[in-house]
Amino acid sequence: MAAGGFAIDASANGFDGRITFSVVITCIVAASGGLIFGYDIGISEGVTTMRPFLEKFFPAILRKAASAETNVYCVYDSQVLTLFTSSLYLAGLLSSLLASRVTTALGRRNTMILGGCIFFAGGVINGSAENIVMLILGRILLGFGVGFTNQATPVYLSEIAPPKWRGAFNTGFQFFIGVGVVAANLINYFTANHSWGWRLSLGLAAVPAAFMTIGAFLIPDTPSSLVERGKIDHARQALQKVRGHTTNVGPELEELIRFSKTDMMDQERFVTIFERQYRPQLVMAFAVPLSQQLTGINIVAFYAPNLFQSVGFGNRSALLSAVILGLVNLGSILVSASIVDRFGRRFLFIAGGIQMLLCMTAVAVVLALVSGVEGTESISKGNTILILVLLCFYAAGFGWSWGPLCWLIPSEIFPLKIRSPGQSIAVAVQLLTVFVLSQTFLRMLCHFKFGTFLFYAAWIALITIFIILFMPETKGIPLDSMYIIWGKHWYWRRFVVEPQVDQ
Ligand SMILES: OC[C@H]1O[C@](O)(CO)[C@@H](O)[C@@H]1O
């Protein structure tokens with residue numbers, strides 16, 4: 001069965017999709033929107049293992065850690081602590097849904113600016129927190145910032161990149177998420193042993209927020225978004241800027257206007273995406289982010305320090321191992337960027353999936369063998385290092401597949417009319433899944449022990465089969481021609497209606 005194994009000429013519409021200096025700079029600046037999400041992921045991982053932080057806000061956990069009977073999997077099983085981490089995801093979920101209207105009305109770029117400002121405020125409140133209420137309030141603001149930014153930035157990148165290189169440019173977003181994670185891990189590493197360290201770690205969130213917000217002020221909005229809002233002259237200028245001054249952007253602009261008119265003929269409404277003809281895209285908007293989280297990445301990422309600490313690493317070496325995982329992840333995102341437009345999305349999904357599956361299973365086996373079925377035997381340094389190595393291979397598998405592709409796919413499969421709601425759904429589903437899984441992971445680890453890793457291994461197997469059967473190849477196809485791939489797919493073709501474009 002040729003599920004998605006067909007090619008479509010990227011230059012079918014004849015536009016000059018060259019890589020210009022301007023498009024590269026614009027995309028780097030825009031992709032830095034990923035910094036704030038990454039910074040937050042990395043910071044909350046480490047701060048929740050810092051003693052002064054726990055003493056001030058969660059003293060019960062320290063008492064539990066001190067008690068000898070607790071088994072290694074259960075030390076960090078606290079619903080309140082998990083709620084601290086996850087409150088951000090609930091807020092982000094809400095705001096990403098709101099962001100659908102905001103990006104349609106204000107444009108992608110302005111939504112990024114808004115997100116950056118709100119995140120900045122959240123960082124300041126968290127850094128100066130005196131009680132748990134301030135702490136949670138700060139996290140809610142951070143969540144609002146992340147929701148807006150994650151909704152707008154990937155779409156920005158896909159709309160502005162030359163179609164042939166869309167994969168590489170869009171991968172920049174995940175790359176900056178990774179940079180944010182590593183920067184945060186390093187900061188945690190140095191602040192961990194100071195009584196005020198957690199304040200610095202949380203408060204420094206304002207720095208990436210300021211960086212991306214100022215950056216976003218300096219770049220134009222995307223031509224599609226400007227056309228959608230009737231700003232044709234601005235759209236022409238934006239196109240001229242990113243495609244180069246020697247390029248005749250007239251035909252590309254006309255095409256955008258034509259598709260935008262067709263798309264907007266019936267009033268753009270959130271519910272449009274639920275029409276039968278958009279079923280394939282809608283399914284992917286749910287399935288891709290859900291599957292990304294079912295790889296177990298955040299379980300490994302959020303709790304890597306806790307995990308290493310509870311299986312025998314000291315506090316600082318636990319944070320260091322998180323840095324190592326983060327660097328491996330970053331390197332593999334670069335590999336992804338360099339091949340995603342050549343080998344395609346499906347290849348990366350499948351290869352990365354198999355790699356993660358093998359590693360997750362191996363981690364479960366090692367944990368079962370060395371810490372005993374009950375998890376009561378202590379784990380030697382050597383075996384902890386073995387687990388770290390396996391997790392590094394796992395992180396690399398994620399970095400070249402589900403990491404970047406989870407942003408790329410939703411940002412490129414929707415027609416303009418439903419692009420904003422589609423991306424909103426994808427971001428909301430991702431954050432909801434992070435919330436549910438992180439809320440339950442420590443409980444699972446405590447009760448199912450090494451079986452938790454087998455649980456994720458089984459999911460990785462399932463989602464890889466899902467990709468093989470249902471994900472068509474999207475590489476190189478201009479956004480406005482994307483409907484073609486569904487029409488050629490063995491299953492999705494029954495839903496597709498060709499758009500009627502005015503000639
Ligand atoms: O794509 C975003 C995802 O990637 C990660 O940052 C890991 O690199 C996750 O923590 C996050 O959920």
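An unreviewed UniProt entry annotates the protein as Sugar transport protein 5 originating from Arachis duranensis. UniProt annotates the protein under Subcellular location (unreviewed entry) with the comment "Membrane". What UniProt states about the protein under its Sequence similarities (unreviewed entry) heading is, verbatim, "Belongs to the major facilitator superfamily. Sugar transporter (TC 2.A.1.1) family."

(A) Representation of the overall build of the protein. A tally of regular secondary structure across the protein gives 22 helices and zero strands. Out of the 503 residues in the protein, the part that is buried amounts to 61%. Looking at the protein as shown, the accessible area adds up to about 18500 Å², and 69% of this sits on carbon and sulfur atoms.

(B) Focus on the site of the ligand. Near the ligand you find Ile-41, Gln-174, Ile-177, Gln-292, Gln-293, Ile-297, Asn-298, Asn-329, Phe-398, Gly-403, Trp-407 and Gln-430, and these make up its full shell. One of the side-chain nitrogen or oxygen atoms of Gln-292 is found 2.8 Å away from an oxygen atom of the ligand. In the environment of the ligand, an oxygen atom lies 2.3 Å from a nitrogen or oxygen atom belonging to the side chain of Asn-298. For the ligand, whose free accessible area comes to 310 Å², the fraction covered by protein is 97%. Looking at the shell around the ligand, its residues break down into five nonpolar, seven polar and no charged.

(C) Broad picture of the packing of helix 6 (residues 108-127) against helix 7 (residues 132-160). Two elements in contact, helix 6 and helix 7, have axes separated by 7 Å at closest approach and are oriented at 155 degrees. Classified by the angle between their axes, helix 6 and helix 7 sit roughly antiparallel to one another. Between helix 6 and helix 7 lies a crossing whose hand is left-handed. Here the contact of helix 6 with helix 7 is composed, by residue class, of 17 nonpolar, 10 polar and four charged.

(D) The arrangement of the side chain of Ser-411 in detail. Counting through the fold element by element, Ser-411 comes out in helix 19 (residues 402-413). Looking at Ser-411, the relative accessible area reads 0%, which means it is buried. A polar side-chain atom of Ser-411 sits 3.0 Å from a polar atom in the side chain of Asn-170. In this structure the side chain of Ser-411 is engaged in a polar contact, spanning 2.9 Å, whose partner is the backbone oxygen of Leu-408. If we ignore the near neighbours within four places in the chain, the residues touching Ser-411 are Pro-154, Val-155, Ser-158, Asn-170, Arg-419, Gln-423 and Leu-479.

(E) Fine view of helix 6. The terminal C-alpha atoms of helix 6 lie 29 Å apart, and with 20 residues this matches the ideal 28 Å at 1.5 Å per residue to within 8%. Listing the buried residues of helix 6 in full gives Arg-108, Thr-111, Met-112, Ile-113, Gly-115, Gly-116, Phe-119, Gly-122, Gly-123, Asn-126 and Gly-127.

(F) Fine view of the pattern of salt bridges. For the structure on display, the rule yields 13 salt bridges. Between Glu-130 and Arg-199 there is a salt bridge, with its nearest N and O atoms 3.0 Å apart. Residue Glu-130 is located in the loop between helix 6 and helix 7, and its partner Arg-199 is located in helix 9 (residues 197-203); the two are separated by 69 residues in the primary sequence. In this structure, the salt-bridge partner of Arg-258 is Glu-255, at a minimum N-O distance of 2.5 Å. Placement of the pair is Arg-258 and Glu-255 together in helix 13 (residues 250-264), with a separation of three residues, close to one helical turn. Looking at Glu-255, the relative accessible area reads 19%, which means it is buried. Ionic contacts of the salt-bridge type, sharing partners, join the residues Arg-108, Glu-159, Glu-228 and Arg-419 into one network.

Calculation notes
- Here, residues in each chain are numbered from 1, in the same order as that chain's written sequence.
- In keeping with the model being predicted, local features are shown solely for residues with a pLDDT of at least 70 and side-chain atom pairs are shown and tallied solely at 80 or more, while totals for entire chains, interfaces and linings include all residues.
- Only hydrogens and water are removed before side-chain values are computed, so all heavy atoms of the structure are retained for them.
- UniProt positions are given in the numbering used here, feature names are shortened, and annotations may be inferred rather than shown by experiment.
- Think of it this way: any DSSP run of H or I at least four residues long counts as a helix, any run of E at least two long counts as a strand, and we number them from the N terminus.
- Only protein chains enter the accessibility calculation, which uses a 1.4 Å probe; a residue whose area is less than 20% of its type maximum is buried, one above 50% is exposed, and one in between is partly exposed.
- Per-residue and other accessible areas were derived by the Shrake-Rupley procedure at a 1.4 Å probe size, with only the shown protein chains allowed to occlude residues.
- Whether a residue is near a molecule or strand is decided by its heavy atoms; if any one of them lies within 4 Å of it, the residue is near.
- Polar contact is the term for a pair of N or O atoms within 3.5 Å; when the atoms are in protein, one must be able to donate a hydrogen and the other to accept it, and sequence-neighboring residues count only if both atoms are side-chain atoms.
- Side-chain classes are defined by residue name, with Ala, Val, Leu, Ile, Met, Phe, Trp, Tyr, Cys and Pro counting as nonpolar, Asp, Glu, Lys and Arg as charged, and the others, Gly among them, as polar.
- Angles shown run from 0 to 180 degrees and are taken between the N-to-C directions of axes, each axis being a line fitted to C-alpha atoms and, for helices, limited to the stretch in contact.
- Throughout this description, any angle smaller than 35 degrees is read as roughly parallel, any larger than 145 degrees as roughly antiparallel, any in the 65 to 115 degree range as roughly perpendicular, and the remainder as oblique.
- Rotating anticlockwise by less than a right angle from the far helix to the near helix defines a left-handed crossing, while the corresponding clockwise rotation defines a right-handed one.
- Contact definition: two residues touch when any of their heavy atoms are within 4.5 Å.
- Any helix carries an expected span of 1.5 Å times its number of residues minus one.
- Each salt bridge in this description consists of a side-chain nitrogen of Lys or Arg and a carboxyl oxygen of Asp or Glu lying within 4 Å of one another.

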